[in-house]
Structure formats: C-alpha cells, structure tokens
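A closer look at the structure
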Amino acid sequence: MAGLQQCIKNKKAVVGVLGLGYVGLPLVREFASAGLSVKGFDIDPKKVRVLNSGRSIIKHIPHSQVKKIVSSGLFKATVDMSRLRTVDAILVCVPTPLTANREPDMQYIVASSQTIARYLRKGQLVSFESTTYPGTTRELVAPILESSGLKAGKDFYLAYSPEREDPGNKNFTTRTIPKIVGGYTNKCRDLARQLYAHAIEKMVPVSSLEAAEACKIVENVYRCINIAMVNELKMVFDRMGIDVWEVIRAASTKPFGFSPFYPGPGLGGHCIPIDPFYLTWKARQYGMPTRFIELAGEVNTSMPHYVVSKVMEALNHHKKSLKGSKVLVLGLAYKKDIDDLRESPSIELIELLREKGARVDYNDPYIPRTHRQRQHNLKMASKKLSAKMLSGYDCVLISTDHSDYDYAWIVRHSKLVVDTRNATATVRSGRSRIVKA
Ligand SMILES: NC(=O)c1ccc[n+]([C@@H]2O[C@H](COP(=O)([O-])OP(=O)(O)OC[C@H]3O[C@@H](n4cnc5c(N)ncnc54)[C@H](O)[C@@H]3O)[C@@H](O)[C@H]2O)c1
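**Quick word on the site of the ligand**
- Of all residues adjacent to the ligand, which total 26 residues, the nearest are V23, D42, K47, T96 and R342.
- T96 has a polar side-chain atom sitting 2.6 Å from an oxygen atom of the ligand.
- Contact with the protein chains covers 93% of the free accessible surface of the ligand, which is 830 Å².
- For the shell around the ligand, the residue count by class is 12 nonpolar, 7 polar and 7 charged.

Printed below as a string of structure tokens:
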C-alpha cells in the first residue's frame with residue numbers, strides 16, 4: 001500500500017479514466033499534460049478509435065490537444081476493461097441521468113462499479129466523479145467493489161471527487177477549478193488528493209464521501225433555484241413593462257450580497273435540470289421534502305411554454321397565427337458556444353412549436369444535425385444562414401446566444417425576432433421587430 005503513495009509522489013502512477021465524455025476527456029488532458037501516463041476506458045468503440053487517432057470528440061477541446069497527448073505516448077484509450085488491472089488509479093466519469101420517472105438512473109454507476117470489481121487489484125485507488133446523491137459511494141459503489149473480495153480502505157482506496165467542469169468557460173479550465181475530495185477513510189482521501197494535485201491546482205479535502213457528494217449537489221441546487229427565481233421575475237417584470245435584464249445588470253453593481261443569474265428559455269445541460277432531483281429522491285428516504293427544488297423545477301420546466309406563448313403573441317401582432325407559420329430556432333445547444341444538446345430547452349421549444357402547427361427549422365453552427373437522444377429524436381439538420389433564408393421565416397427565435405452570430409445582421413434580415421437570451425441587447429436598428437421572451 002505504501003507503494004501507491006510513493007508512485008503518486010514520483011508521478012509514476014498510471015491513471016485510468018473510465019468514461020471519456022465531457023468530463024473524462026478534460027481530465028485525461030490535465031493528467032497527461034502534467035506528465036502522467038493515462039489510459040482511457042470507454043464502452044464506445046467509436047470514441048476510442050477517434051481518440052486514438054489523435055482527434056477530439058468534443059468541440060471545445062481542439063484536435064491538437066488530443067493529438068499532442070496521443071503522440072507523446074502518454075495517452076491511449078481502450079475498450080478492453082481487463083486493462084484496468086494495469087493502472088494505479090481509476091477515475092470514474094460515467095453519466096448519471098434521470099429515469100423517465102425523474103428518479104436517479106444508477107445503471108452506469110452500477111455497471112462501471114461491476115466492471116471495476118471484476119479487475120480490481122490490491123493497492124488501487126478508485127475515485128468516482130459522477131454527480132450523485134450523498135451516500136452513493138458508500139452505500140452503492142463500495143459493496144459492489146467489495147464483491148471482488150477486497151475491502152475498501154484496507155485492500156484498495158476509495159474516494160469521491162466531484163467534477164466541476166464548465167464546458168465553454170473561457171476563464172477556468174479543469175486545472176484551475178478547485179476540486180473537492182472526500183474519502184472512504186482519511187487515508188483514501190489523502191491519496192486521492194495527492195494524485196489529483198498533479199493535475200489540479202487547488203484541492204479542497206472534506207471530512208467524508210457524503211460531504212463531497214453533497215457539495216456538488218449544493219452547487220447545482222444553488223444554480224437551479226436562482227435561475228428559477230430570475231425566470232419567474234422575468235415573467236412578472238414583463239407584465240409590468242420592466243426589462244429584467246436591465247434590472248439584473250444594474251443590481252449586480254452592488255459589490256456584495258448579490259450574484260447575478262440570468263433568465264432563459266428553460267434549463268438545459270446534463271447537470272442543473274437533473275442533479276437536484278438526485279437529492280430530492282434521497283431526501284424522500286429520510287421523510288424530507290425538498291420544496292425549493294420542486295418549486296424551481298416547476299418554474300424552470302414551464303419556461304419553454306412561456307416562450308411559445310410569447311412567440312404566439314408576437315405573431316399575433318403581425319396578424320399571423322402560429323399554426324402554419326415558419327419559425328427558425330437559432331441555437332440548439334443548451335448554452336452558448338458548445339456542441340452539447342442534452343436536455344436543451346431548444347428541443348422542447350421545437351417540439352412545442354411543431355405540436356401547435358408551426359413549421360420549424362433550426363440553425364446551430366455547432367450542431368450540423370441532431371442525433372437520437374434518450375427521449376427525443378428530432379431528425380433535423382441545421383439550415384445554412386443567409387439574408388434571403390432569414391427573411392423567409394415569420395419568426396426567428398433566439399434560443400441559444402452563440403457568440404458566432406451577428407445579431408445586428410440577423411435582426412436586419414428577419415421579419416420578427418423573439419429573443420430569450422437578451423442577445424440583441426446592443427442591436428440599434430430594427431428594435432421594433434424584436435420581442436424579448
Ligand atoms: N458535462 C458536464 O459539463 C459535467 C459537469 C460536471 C459534472 N458532470 C457529471 O459528470 C458525469 C459524466 O458526465 P459527462 O457529461 O462526461 O457524460 P458523457 O455522456 O459525455 O460521457 C460519459 C462517457 O461514459 C461512457 N460510459 C458509459 N458507461 C460506461 C461504462 N460502464 N464503462 C465505461 N464507460 C462508460 C460513455 O460511453 C461516455 O463516453 C455525470 O455524472 C455528470 O453529471 C458533467
């Protein structure tokens with residue numbers, strides 16, 4: 001067991017990353033860039049093939065970065081899980097979605113734990129990063145790993161260190177975002193902290209696995225509730241003829257006690273719309289309601305309906321009905337400048353608009369065509385933007401405020417623009433054609 005500590009200290013530890021997605025790949029890059037040898041594991045052979053050929057699978061991670069770590073020999077990906085035996089630490093970044101009934105879907109955590117248990121050997125460190133409810137690592141993961149016959153904290157080390165990746169954020173990278181870590185034992189935590197410290201600038205140790213799991217949930221509950229609050233205020237202020245974006249911008253000049261959150265067409269992404277409900281589910285086991293979370297969920301999920309009602313109102317002003325109108329949705333990704341459309345409110349907007357009889361297209365420079373998702377299959381392709389095509393739509397609906405868009409040009413050539421992101425704030429001419437929603 002002292003062996004692992006020494007090999008972490010000497011940067012000789014071989015790091016395995018299980019799950020090479022939006023979270024796993026940046027982690028791979030940080031460890032390999034720090035000079036550690038990294039093996040990537042995924043069940044998706046296509047992903048593995050692409051990565052091993054030195055190409056990226058995520059828009060905001062350039063091919064050059066993957067090429068560099070592959071050609072340096074520090075990174076190789078595989079679908080062969082038996083090679084988990086050959087690494088010193090296994091960092092698990094598999095999905096944690098919700099089931100159709102909005103309950104935690106633990107199938108990926110369970111499956112990856114079973115895979116690790118099959119190949120677990122004495123002295124390895126296993127750290128889970130997937131967002132989950134407090135209690136997961138001790139109650140669900142540890143028993144599965146221990147089915148190998150090895151004991152957590154004794155024969156192998158077990159930790160939980162939540163990922164705080166923020167795709168597309170230009171101010172922070174995986175390396176510069178402080179990372180929380182809790183352990184099955186203090187020794188487990190300290191070993192994980194030492195390992196991560198090679199790749200992450202600041203580690204924040206906490207007293208237990210559960211505290212680390214709860215931290216991540218708190219961060220996302222905080223965002224979910226605050227976004228719901230400004231979404232509700234948006235609707236109230238709209239009725240009162242007040243621009244919520246102007247108010248938030250002015251309010252955020254207060255140098256203390258106020259953090260700005262911005263309204264939008266609804267919640268998107270893998271985290272904020274989902275993670276809080278992991279806590280709701282767990283709290284139920286303790287007979288506790290999570291009323292703030294439920295209320296925030298209610299407000300946030302109603303937002304696409306609000307946006308559609310604003311589109312109908314705006315078309316009505318132009319003596320048109322939504323039924324039969326041509327609507328172009330701008331931006332499909334759940335937030336700007338990324339290519340991730342998981343849980344994107346744009347998808348729901350398109351479905352709602354179609355249900356009401358609109359003819360809907362979309363444009364997104366990051367998403368050339370839609371792919372099948374767990375609950376949606378739009379089967380659409382991005383339409384190329386041109387002045388002529390814009391003028392052919394009855395309404396252009398800005399759902400995601402990608403930086404690439406020239407909003408003044410879009411407004412100039414559109415008959416009507418419904419803006420859910422205040423993306424047209426600085427557009428001077430054609431303001432009478434803009435409706436904020
Ligand atoms: N995307 C984000 O910005 C973000 C930020 C913070 C935390 N998280 C959390 O991180 C976790 C991973 O999210 P993600 O966005 O990287 O997901 P993802 O879907 O992009 O990647 C997950 C990867 O795991 C692979 N996988 C699934 N089951 C596997 C198994 N049994 N063995 C090996 N590989 C397996 C998938 O093929 C996929 O490549 C989730 O819990 C998420 O909530 C995500």
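From this point, things continue past the structure.
**Some details on the pattern of salt bridges**
- Here the structure, examined in full by the defined rule, presents 15 salt bridges.
- In this structure, D88 and R121 form a salt bridge, with 3.5 Å as the shortest nitrogen-oxygen distance. Of this pair, D88 sits in the loop between β3 (75–78) and β4 (89–92) while R121 sits in the loop between α5 (107–119) and β5 (125–128); the two residues are 33 residues apart in sequence, bridging distant segments of the chain.
- For R121, a relative accessible area of 28% gives the class partly exposed.
- Residues R342 and D340 are paired through a salt bridge, measuring 2.9 Å at the closest nitrogen-oxygen approach.
- Linked through salt bridges whose partners overlap, the residues forming this network are R29, E30 and R175.

**Details of the layout of surface pockets**
- Its boundaries defined by the atoms lining it, the second largest pocket holds a volume of some 230 Å³.
- Taken together, 13 residues form the lining of the second largest pocket, with R29, H60, G168, N169 and F172 sitting closest to its centre.
- Here the lining of the second largest pocket is built from residues that sort into 4 nonpolar, 5 polar and 4 charged.

**Describing the side chain of D364**
- Among the structural elements, D364 can be located in the loop between β10 (359–363) and α13 (387–391).
- Within the buried set, D364 has no salt-bridge partner at all; the shortest N-O distance to an opposite charge, 8.0 Å, is to K59.
- A polar side-chain atom of D364 sits 2.7 Å from the main-chain amide nitrogen of Y366.
- Excluding residues within four positions of it along the chain, D364 makes contact with G331, L332, A333, S382, H402 and Y405.

Reading the values: the criteria
Throughout, a residue's number is its position along its own chain's written sequence, starting from 1. With the structure being a predicted model, the display of local features is reserved for residues of pLDDT at least 70 and the display and counting of side-chain atom pairs for 80 or more, all residues being used for whole-chain, interface and lining totals. Values shown for side chains rest on all heavy atoms present in the structure; no hydrogens or waters enter the calculation. For this description, a residue counts as near a given molecule or strand if any of its non-hydrogen atoms is within 4 Å of it. Here a polar contact is recorded for every N or O atom pair within 3.5 Å, except that within protein the pair must consist of a potential hydrogen donor and a potential acceptor, and residues adjacent in sequence are included only if both atoms are side-chain atoms. The Shrake-Rupley method, run with a 1.4 Å probe sphere, supplies the accessible areas, and residue values consider only the shown protein chains as cover. All amino acids are sorted into three groups, where Ala, Val, Leu, Ile, Met, Phe, Trp, Tyr, Cys and Pro are nonpolar, Asp, Glu, Lys and Arg are charged, and the leftover types, Gly among them, are polar. A pairing counts as a salt bridge when a side-chain nitrogen of Lys or Arg comes within 4 Å of a carboxyl oxygen of Asp or Glu. Secondary structure counts use DSSP, requiring at least four H or I residues in a row for a helix and at least two E residues in a row for a strand, with both numbered from the N terminus. Between buried and exposed lies partly exposed: a residue is buried under 20% and exposed over 50% of the maximum accessible area for its type, with that area taken using a 1.4 Å probe on protein chains only. Note on definitions: the grid is 1 Å and covers protein atoms alone; a cavity is a set of points where a 1.4 Å probe fits but cannot get out; a pocket is an open set with protein on both sides within 12 Å along at least five of seven lines; lining residues have an atom within 4 Å of a point. Grid points are joined across faces, edges and corners, and a volume is the space filled by probe spheres set on the points. Under this rule, positive means Lys or Arg and negative means Asp or Glu; His and the chain ends count for nothing. Any two residues whose heavy atoms approach within 4.5 Å are treated as being in contact.

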